[in-house]
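Below are the chains, spelled out letter by letter.
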Amino acid sequence: MKGQVAKAVGYSLLSPLIVGIVLGGYYALLSGQSKILFQILMTAVANAHIVGLSMAFFVLPAYMVLLRYNKVSYSAVLTAGMLGGALFSFLFVASSGMVFIINVVMAALGCGLFLFSLRRNASSA
């Protein structure tokens, strides 16, 4: 079980790369400049600590408590991830604006990857 959770946390840390590539690719296609892709990708990777902190302080404890009582709800764990992303983004990066929203989405995507990886590994075991 611990190995599956550790692997799932590792997959969740791919969310900054996914968000950076998707948003950077979108804006690069709109503007026609490939430099924007790398700028947005590096900004997303630089804010990856938001996802890590959100996973460590909100998602994993919420998942473990829900698992202990056999009440695991994906919506509850995703809400914990979004709340963690919002709190740490507000404290460390931005209090409002687009960076705040992107960090919250990045944390929610990381939480979704965490849950998807746990479900995929549980069904294959």
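Just so we're clear, the structure is a prediction, and the values are computed from it rather than from any experiment. Position numbers for residues start from 1 in each chain and track the written sequence from start to end. Local features in a predicted model are, by the rule used here, given only for residues with pLDDT of at least 70; side-chain atom pairs are given and counted only at 80 or more, and totals for whole chains, interfaces and linings are based on all residues. In computing side-chain values, all of the structure's heavy atoms are included and hydrogens and water are not.

1. What to know about the UniProt feature "transmembrane region" (unreviewed entry) in the chain
(1) Moving on: UniProt positions are given in the numbering used here, feature names are shortened, and annotations may be inferred rather than shown by experiment. The UniProt record marks residues 12-30, 36-60, 72-92 and 98-118 with the feature "transmembrane region" (unreviewed entry), using the residue numbering of this structure.
(2) Moving on: Secondary structure over residues 36-60 splits into 96% helix and 0% strand, and the C-alpha atoms at its two ends are 34 Å apart.
(3) Moving on: Secondary structure is summarised from DSSP: a helix means a run of H or I of at least four residues, a strand means a run of E of at least two, and numbering begins at the N terminus for each. Annotated as 90% helix and 0% strand, the span residues 72-92 places its first and last C-alpha atoms 30 Å apart.

2. Focus on the packing of aromatic side chains
(1) Moving on: The rule is short: rings of Phe, Tyr and Trp, with Trp giving its six-membered ring, pair when the centres are within 6.5 Å, and they are stacked under 30 degrees, edge-to-face over 60, tilted in between. Here the structure, examined in full by the defined rule, presents 5 aromatic pairs.
(2) Moving on: Seen from their ring centres, Tyr 63 and Phe 114 are 5.5 Å apart, and the 90 degrees between their planes marks the pair as edge-to-face. Taken together, the positions of Tyr 63 in helix H4 (residues 48-68) and Phe 114 in helix H6 (residues 98-124) put the pair 51 residues apart, joining distant regions of the chain. Exposure class is identical for Tyr 63 and Phe 114. Each is buried.
(3) Moving on: Each ring, one from Phe 88 and one from Phe 92, has its centre 6.0 Å from the other, and the planes form 0 degrees; the classification is stacked. A residue pair is termed a helical-turn pair when its members lie 3 or 4 positions apart in one helix, as Phe 88 and Phe 92 do in helix H5 (residues 74-92) at 4 residues. Buried, partly exposed and exposed residues are distinguished by accessible area as a fraction of the type maximum, computed with a 1.4 Å probe on protein chains only: under 20%, between the cut-offs, and over 50%, respectively.

3. Focus on the side chain of Ser 54
(1) Moving on: Within the fold, Ser 54 resides in helix H4.
(2) Moving on: Apart from residues lying up to four places away in sequence, Ser 54 is in contact with Val 59, Gly 81, Gly 84, Gly 85, Phe 88 and Ala 107. A contact between two residues is defined here by any heavy atoms of the two lying within 4.5 Å.

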